[in-house]
Structures are given as C-alpha cells and as structure tokens.
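# Remarks on the overall topology
Read off the chains here:
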Amino acid sequence: MKYSKKSVYKCLGFLCVLCASAVNGFSLDREAFSVTNYDLNLQVEPEQHRLGVRGKITLQNDSQTPQKIAVLQISSSLDWRSIKAGDKVVQFVTQPYTSDIDHTGSLSEAIVTLPHEVAPKGTIELEIAYEGVILLDATRLTRIGTPEEAANSTDWDQIGADFTAVRGAGYVAWYPIATEVANLSEGNSLFEVLGRWKNREAGSRMHLQFTQIGSNEKLPPILFNGVSCSGPAYESMGVTKAGPADCMYQTLRLDAPTFVIADYKVLERPAVEVRYLHGHDVAATTFADAAEKIVPFITEWFGPQREKAKTADLPDPHAAPFESGALLLTPLTSDDPKLAGLAAAHQLTHAAFVSFRPWIEEGLAHFAQALYLEREKGRKAALDYMGLHRSALSEIEAPTTAPKSEDEVHRSLVNTTGEELYRSKAMCVWWMLRDMVGDAALKKAIAAYRPEQDKEPSYMPRLIQAQTQRDLEWFFDDWVYRDRGLPDFKVESAFSSKSTNGSFMLTITLDNLGTAGAEVPVIVKFAGGEIMRRLEVRAKSKTVTRVEVTGAPQEIIVNDGSVPESDTTNNVFKIEAMAEK
Ligand SMILES: [Zn+2]
C-alpha cells in the first residue's frame, strides 16, 4: 500500500497509525454518499448534557464510481459506538476531522469499510450508534478571533438542564453527515460545503423518536422543528423518563433540523404560535399581536398560510435569531411592535410560501420585510432598510469590472449558496421586479408558483414574464441566471431649453458604466417641484430621454436607492442656471 509522507504528517499522533492501514492509498471521497433516510432514536438527558443515538440510516452513492468506503461524520463531542450492516458489524476507524461545519470546529469521522461495493445510485442501510455530550462551544468562531461573548451568542446550541436547543448541519452535526472540510477563515468555504450538503440532503427524510430523562417529576416537552412531540412520562427509581415520542417524518428541504427542550409557556393565535420563557410575556404578546395584524397583507402577496408560524424564545437576549422554515428561534425581549412586525413579516412569508430555491424562498421573505416597512412608514423607510443589505452587497460585488465567467454562473442567484446573494441581492431583485411590472402582476406570478412544478431555473422568471408585455429576459440574464455584477449610473449630460409656453424641455443622457442593466428612477428637481421618470439602461450603455418641467431645472438625481449600484457618488448632477433665450 502506497501513501505519501504528507498524508502521514497530516493525521497526527497515534490516530495516524490506526487510519493509515485502512484509509491511505484511497483518496477519500467524503461526499460520495448522501444520507437519504434517517430513522433515529434519540435519548436526551438535559441535566447531563447527554445525547445518545441508535438507529438506521440509508446511504446513497451519489458519485459516478462504485464505492467501498463511506465516511460518516458527527460532532467531535460525540463518539461512535457501533456501525453495522445487515446485523453484521462492519469495520470502521475513527479520526478527528477539523471542519467548521460543526460548532466545535471538528468532527468525529468514521471511515467505514462497507461489506460490498455500492454501485452509483445504489443504496445501503447501516445501523449506527453514537453518544456524547453537546455543550456550549464556539471554538470554530473564537479560534478565528471572534470575541467569546459574541461567539457564544452566535453558536448558542447546547443540551443543558435549563435550556436545550440544538440545530442541525451547519451548527451541530447531531446526526451523521458526509462533507469535505469547511473553513471559516477561507471566504465562502463553509457556505459552499454546507450548501452542497443541503442540496444533497434536500429530499432526505428524517424520522425521530425522542426519549427524555431527567430528575424532575415533570419534563418539558420536546420541540422538533417547532412541533411538540412528547410521549408519555413515567417515573422509576428516582428518574423520570418521557417518551419515546414520535416526531414526524419529513423531507429536510434546505432546513437544519432542530430540537428544543425548554419550559415554555405557549401563546396560541390563529396564525402564529409563540413559545416564551418565564418573564417574557410582554414581548411574546407584542410579537403575536404584530404577527396577527399583518396576516392579511402577507396573504395578499404570498397566499394563504400553509402552516402556523412558530416562534420560540431564546434565553440569551443577544442570541442571534435562527430560522428553519416557518420556525423562528429568537430572544423575545423587545416590546417594540414595529420590530416584531418586521420579524413576523419574514416568518409569515415562510409559513405561506415555499420554494426549494433560496433566492425565491429567502429573497421573497426579505422582500416581504421591505414591503412591510413601506406599508408602515413609506417607501423611504423600505429603501433605507434595503440600503443596509445593499452595502453588504456592493462589498462582495466587484465594482464595474464584470465577474469572471465561471463566477457569473457559480454566483448567479439560481446557483449561489452565498447568503448575501440569496438574501440581500435577491430581495433587491424582487423589489426591482415589482417596480418594473407592478404589484398586481407580481402578485399573480407569485400566486401561480407551484414548488412541485419548479423543475427549471427559468420557471419563476417565466411566470413573471407571463404577466407583462415587457421583455424582461435581459434583466433575468444580468441578475438571476448570471451574476453580472452591479450597474453604475451617471448623468453624462443634460441640456434644457425654454419653450414658448414657459415650460422647460430637459434632455438627459444617462450612462450605465456598470456590468448589469436595470430600470432606474431618475428624479428631476426644478423650481417649484420635482418629477420622476423610470429609465431602462442596459449594461455599458447610454440612453437619452426628454423631460418637460414647469420650472427651471436644478438637479438630476439618478436612483432613489431601489437599484443596487457599485458607485453612488456620481448620481447627482447639478444643472447650471442657464441664460434666458
Ligand atoms: Zn428566511
């Protein structure tokens, strides 16, 4: 068996000796298999921070070649106990695998020698057992310099006596995954690895049986993805055992399956269910009220609710909110109805509208937040809110130079795994589309969307195109199918002449120096008022327009902030007072 010196040095210490014989000589394809089915029994002991798992998983060979080796990864704080195939114990070696896909920054990897080769597309069922603890651990963040407090408020997952919340892939590998290394210090590496894994898992099913063990007489219910699934509790020899409780089968889509155990109070409303911790009654009520209030508005845009929106409280007031489908985990601390409404708009959109394409599902949920702000406080408030997202966007989009061709496709909205793109950029794209086609047409297109019919990236664009006479292909090409960067508008020149009736005819030449086209609002300020026109300017193109105004023109402003742009310092054009003719 041949193996390079380098690979020996890579796996340090005694583990090297263990794994060398079994592993080296093969180049490990960690992403060869996906897990298409999970059927797991979980035993959770919150007071001991413990998790024990027994169950079955089905692996599918996604690669082009037969596979004899499968890699299974769980959080580094968990240990593999046994792996069997059809009642036979299979050979496996374990090793730590450094990867930021888990909060501990490392995985317990089992390299499994399967009893036989699995052909491409073929499957094999394994019986697995593993156990350990899940403690608060933000190693992956602190080791790249994140201050501890902030890191703990981001990676807040743990099993604990007072509060248990554990999120799935991307946070805690509490069920087996199979991924290449993800590194937080390397740009988008984590997003990409996680995105690939979630795509491979999108059709997977998960069936869980939960058993909870504790010393209290009453054990709080377990929530799995926001749904309570507790079984009967009984007491024996000083411990209380609740379960096993059946947690529904479901396809994973792009969610991170999440379980929570907390002594929540529940506030039930027709559209939303809010679970809150002791003392948070006011914030919970504020949230529920705000959500109920905007249901008709969300329904009008995104259709009736498919399911109740579910919100659950987090004890750390600074904890980063987390969402998985219609479930929102967030600290319920604010009694500001506007903030609550903003969060609820996003969540209710998820409860009403489903797509497995992030630019549609997340883009629309963020778009809903901008719509909500516009409705509450006017267009300016919505544009300011989008401005927060836009600044993140112009940081990652290269100014004026077009992205490289492979990036164009890779980073396009239809393919991207980058959150800034499928959240911030997608929100702006939806807003621009709405400005171009109007509310009624866009609502109809959204209402016509059927996730099960969405087989092509062009499905949604075609639904929108069907509602308008306008050609939008260029827009989808620049913004959705490809990442062509951003526009950069500039008024090249403006001439005005006074007509005999006293009005002024202004001729404006608008230049788009950028690499993506857009329809942009142009505002002309003149003595006594202002007027707005919308102009379509393709990438690297100019357009000329004539505007009649009733007073002497003073200033031209391109872009009210609704179009993301790489450079906004050249957007105001002053018109010199001109000599009377
Ligand atoms: Zn969302």
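Shown above is the structure to which this text applies.
Quick look at the structure, then. On a predicted model such as this, the values are computed, not experimentally measured, just so you know. (Residues numbered from 1 in each chain as written. Predicted model: local features only at pLDDT ≥ 70, side-chain atom pairs only at ≥ 80, totals over all residues. Heavy atoms only, no water.)

This brings us to the overall build of the chain. Looking only at helices and strands, the chain has 14 helices and 27 strands in total. Taken along its principal axes, the extent of the C-alpha atoms in the chain is 100 × 60 × 45 Å. Looking at the chain as a whole, 54% of its 581 residues are labelled buried. For the chain, contacts bridging at least 24 residues in sequence account for 69% of all contacts bridging at least 6. In the form shown here, the chain has an accessible surface area of approximately 25300 Å², with 52% of it arising from carbon and sulfur atoms. Mean positive and mean negative side-chain charge positions of the chain (61 and 77 charges, respectively) differ by 4 Å. (Helix = DSSP H or I, 4+ residues; strand = E, 2+ residues; numbered from the N terminus. Buried < 20%, exposed > 50% of the residue type's maximum accessible area, 1.4 Å probe, protein only. Contact = heavy atoms within 4.5 Å. Areas by Shrake-Rupley, 256 points an atom, 1.4 Å probe, with all protein chains shown as cover. Lys, Arg positive; Asp, Glu negative; His and termini not counted. Charge placed at Lys NZ, Arg CZ, Asp CG, Glu CD.)

Along the chain, G243 connects to P244 via a cis peptide bond; the corresponding omega equals 0°. Tracing the backbone through its elements, the reader meets P244 in strand β14 (residues 239–251). We note that K121 has phi near 75°; this positive angle belongs to a residue other than glycine. Residue position: K121 is located in the loop between β7 (106–118) and β8 (123–133). Assessed through its relative accessible area of 60%, K121 is described here as exposed.

Let us look at the side chain of D435. Looking at the element boundaries, D435 is found in helix α11 (residues 419–437). Those residues in contact with D435 that lie beyond four places of it in its chain are R379, E519, R534 and S562.

Coordination sphere of the zinc ion, protein contribution only: E323 (OE), E323 (OE), H346 (NE2), H350 (NE2), E362 (OE) and E362 (OE), at 2.0 to 2.6 Å. Coordination at the zinc ion is irregular, judged from the six donor atoms that bind it and the angles of 54 to 156° they form at the metal. When the donors of the zinc ion are listed by position in the chain, the intervening gaps give E-x22-H-x3-H-x11-E. Here E323, found in strand β19 (residues 322–324), pairs with H346, found in helix α7 (residues 337–352); they are 23 residues apart in sequence, far enough to count as distant. For H346, a relative accessible area of 8% puts it in the buried group. (Donors = N, O, S within 2.8 Å, 3.2 Å for Na, K, Ca; no water. Tetrahedral: all angles 85-135°; square planar, octahedral: opposite > 155°, others 65-115°.)

Mapped onto the secondary structure, V35 falls in strand β1 (residues 33–45). On the accessibility criterion, V35 (1% relative accessible area) is buried. Each C-alpha atom, one on V35 and one on N61, is 9.0 Å from the other, the two residues being 26 residues apart in sequence. Not counting residues within four places of it along the chain, the set of residues in contact with V35 comprises I57, T58, L59, P176, W197, E201 and S204.

Another aspect to go through is the pairing of strand β26 (residues 553–558). The element β26 is largely enclosed, with a buried count of five among its six residues. Of the pairings in the sheet, the one linking strand β23 (residues 518–526) to β26 comprises five bridges and is antiparallel in character. Following the sheet pairing, V522 is matched in β26 by V558. As judged from the three bridges shared by β26 and strand β27 (residues 572–574), these two strands associate in the antiparallel manner. Its bridge partner lying in β27, I556 is registered against F573. (Pairing = 2+ DSSP bridges.)

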